[in-house]
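Okay, here's what each chain looks like letter by letter:
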Amino acid sequence: MSISHAPPDSHGPDISGISEFADPNSSDPNSSDPKSSEAASTDHALPELEPIVPASTRRTRVPRWLRRTSGPILLLALWQVLSSTGVLTADVLASPGTIARVAGDLVSDGSLTNAMGVSLQRVAVGLLFGTVVGTGLALVSGLFRIGEDLVDASVQMLRTVPFVGLIPLFIIWFGIGEAPKVAIITLGVSFPLYLNVYAGIRGVDSQLIEAGESLGLSRWGLVRHVVLPGALPGAMTGLRYSLGIAWLALVFAEQINADAGIGFLMVQARDFLRTDVIVVCLIVYAFLGLLADFIVRSLERLLLQWRPTFTGR
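About the criteria used
- The residue numbering used here restarts from 1 in each chain and proceeds along that chain's sequence as written.
- Where totals are concerned, whole chains, interfaces and linings use all residues; where local detail is concerned, this predicted model gives features only for residues with pLDDT of at least 70, and gives and counts side-chain atom pairs only at 80 or more.
- As a rule here, side-chain values come from all non-hydrogen atoms in the structure, and water together with hydrogens is ignored.
- In this analysis, rings of Phe, Tyr and Trp, with Trp reduced to its six-membered ring, are considered paired at centre separations within 6.5 Å, and the interplanar angle assigns stacked below 30 degrees, edge-to-face beyond 60, and tilted for intermediate values.
- To define axes, lines are fitted to C-alpha atoms, for helices over the stretch in contact only, and angles between the resulting N-to-C directions are given on a 0 to 180 degree scale.
- Going along the chain from the N terminus, every DSSP run of H or I of four or more residues is numbered as a helix, and every run of E of two or more is numbered as a strand.
- Should an angle fall under 35 degrees it is taken as roughly parallel, and over 145 as roughly antiparallel, whereas 65 to 115 is taken as roughly perpendicular and any remaining angle as oblique.
- Contacts: residue pairs with any heavy atoms within 4.5 Å of one another.
- As used in this record, nonpolar core signifies buried Ala, Val, Leu, Ile, Met, Phe, Trp, Tyr and Cys residues forming a set joined through side-chain atoms within 4.5 Å.
- Under the scheme applied here, a residue whose accessible area is under 20% of the maximum for its type counts as buried, over 50% as exposed, and between as partly exposed, the area being computed with a 1.4 Å probe on protein chains only.
- What makes a salt bridge here is a side-chain nitrogen of Lys or Arg within 4 Å of a carboxyl oxygen of Asp or Glu, nothing more.
- Like-charged residues are merged into a patch within 9 Å and nonpolar side chains (Val, Leu, Ile, Met, Phe, Trp, Tyr) within 5 Å, provided each residue has over 30% relative accessible area and no salt bridge.
- Shrake-Rupley sampling with a 1.4 Å probe provides the accessible areas, and residues are treated as covered by the protein chains on show and by no other component.

1. As for the packing of aromatic side chains
In step 1: Under the counting rule described, the total for this entry stands at 5 aromatic pairs.
In step 2: Measuring from ring centre to ring centre gives 6.3 Å for Trp173 and Phe174, while their planes differ by 90 degrees; the resulting arrangement is edge-to-face.

2. Notes on the packing of helix α4 (residues 96-108) against helix α12 (residues 275-303)
In step 1: Between α4 and α12, whose axes approach to 9 Å, the crossing angle comes to 75 degrees. In terms of orientation, α4 lies roughly perpendicular with respect to α12. When α4 is examined against α12, the residues Thr98, Ile99, Val102, Ala103 and Leu106 are found in contact with a partner set consisting of Asp276, Val277, Val279, Val280 and Ile283.

3. Topic: the nonpolar core
In step 1: Ranked by size, the top nonpolar core spans 51 residues in total, and within it Ile184, Ile185, Trp247, Ile262 and Val280 carry the most contacts.
In step 2: Every element with two or more residues in this core is listed here: α4, α5 (111-143), α6 (145-159), α7 (167-174), α8 (178-202), α10 (219-254), α11 (262-271) and α12.
In step 3: If one sorts the elements of this core by residue count, α10 sits on top with 12 residues.
In step 4: Setting aside anything within four residues of it in sequence, one finds Ile184 in contact with Phe163, Val164, Ile167, Phe170, Ala249 and Ala253.

4. Some thoughts on the pattern of salt bridges
In step 1: Per the stated rule, a full pass over the model turns up 6 salt bridges.
In step 2: Residues Glu254 and Arg122 are paired through a salt bridge, measuring 2.9 Å at the closest nitrogen-oxygen approach. In this pair, Glu254 sits in helix α10 while Arg122 sits in helix α5, placing the two residues 132 residues apart along the sequence. Just as Glu254 is buried, Arg122 falls in that class too.
In step 3: A salt bridge links Glu148 to Arg202; the shortest N-O distance between them is 3.0 Å. Remark: Arg202 occurs in helix α8 and Glu148 occurs in helix α6; sequence separation between them is 54 residues.
In step 4: Judged by its relative accessible area of 23%, Glu148 falls in the partly exposed class.
In step 5: Taking the relative accessible area as the measure of exposure, Arg202 reaches 37% and is therefore partly exposed.

5. Here's the deal with the environment of Trp247
In step 1: Within the element layout of this structure, Trp247 appears in helix α10.
In step 2: With relative accessibility at 9%, the residue Trp247 sits in the buried group.
In step 3: The spatial distance from the C-alpha of Trp247 to the C-alpha of Val123 is 7.1 Å, given a sequence separation of 124 residues.
In step 4: The residues touching Trp247, leaving out its near neighbours within four places in the chain, are Leu120, Val123, Tyr285, Leu288, Gly289 and Ala292.

6. Some details on the environment of Pro192
In step 1: The residue Pro192 is located in helix α8 in this model.
In step 2: What makes Pro192 buried here is its relative accessible area of 7%.
In step 3: Placed 61 residues apart in sequence, Pro192 and Thr131 show a C-alpha to C-alpha distance of 9.6 Å.
In step 4: Contacts of Pro192, omitting those with residues within four sequence positions, involve Gly238, Tyr241, Ser242 and Ile245.

7. Some details on a nonpolar patch on the surface
In step 1: On the surface, a nonpolar cluster with roughly 490 Å² of combined accessible area is contributed by Val125, Leu128, Phe129, Val132, Val133 and Leu137.
In step 2: Considering the arrangement of structural elements, one finds Leu128 in helix α5.

So this is what it looks like as structure tokens:
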């Protein structure tokens, strides 16, 4: 093998002598090599890829409203079967049919609707006062260290006291009118809101605070644009929990020196051993609480649209 050198006046080396170093696998595009044609046909014959479908979408989807109502319907059917077979007697627990008839009678004579109106008014006033008190104390304690030193210890001590045990003291202080009933609801509502709003404020990421300060936000701007939005999920959770406490406090408040309301109907039914009326009142409590929770959850979805969360599969 000899490699010839180009003359000095040439513009490039003569590479005609090194053709044997060419790639042996390379072939002329016009040549009909059977191996290359077989590879090309193999490339075109690759199987198509199928997209991966999550298991949750492959299952047969049942309407959610049907799944949510199946449990209560089954429980109601079991209750009716036990009442029809005599396992549950009327003096222990009335049948669903009897309860439905009694509820219709209470609605027709207006006693149940009037009691619901009085109870709703008490819960609304107590919830309003409790929201103002609990949220205000949480803001003072959560935003300021001196506020935490002055407020948090006192609130934590009062929180451990059963609010039901304060009913006799409230009767002595406020009499036997509406004031002690509203006061006991206010007290029961304040503590869950305080704890959740305070935890939401103190749970805000400190890096977000530093980022807001670096952008030139004032103290009020940090509270408005960073702290309060970050504490809003905890506040909504506290509000849902406070609604449950409000109905629980109402049950105790209306059974002591009450002359109207759902609890008053329950006390009268207890004196006459009317289990059907008692169950009707309990069902009304449950539906009112469920309705209030639905309103708060709808408000939560509206106010927290900026925060995508896991909703289950």
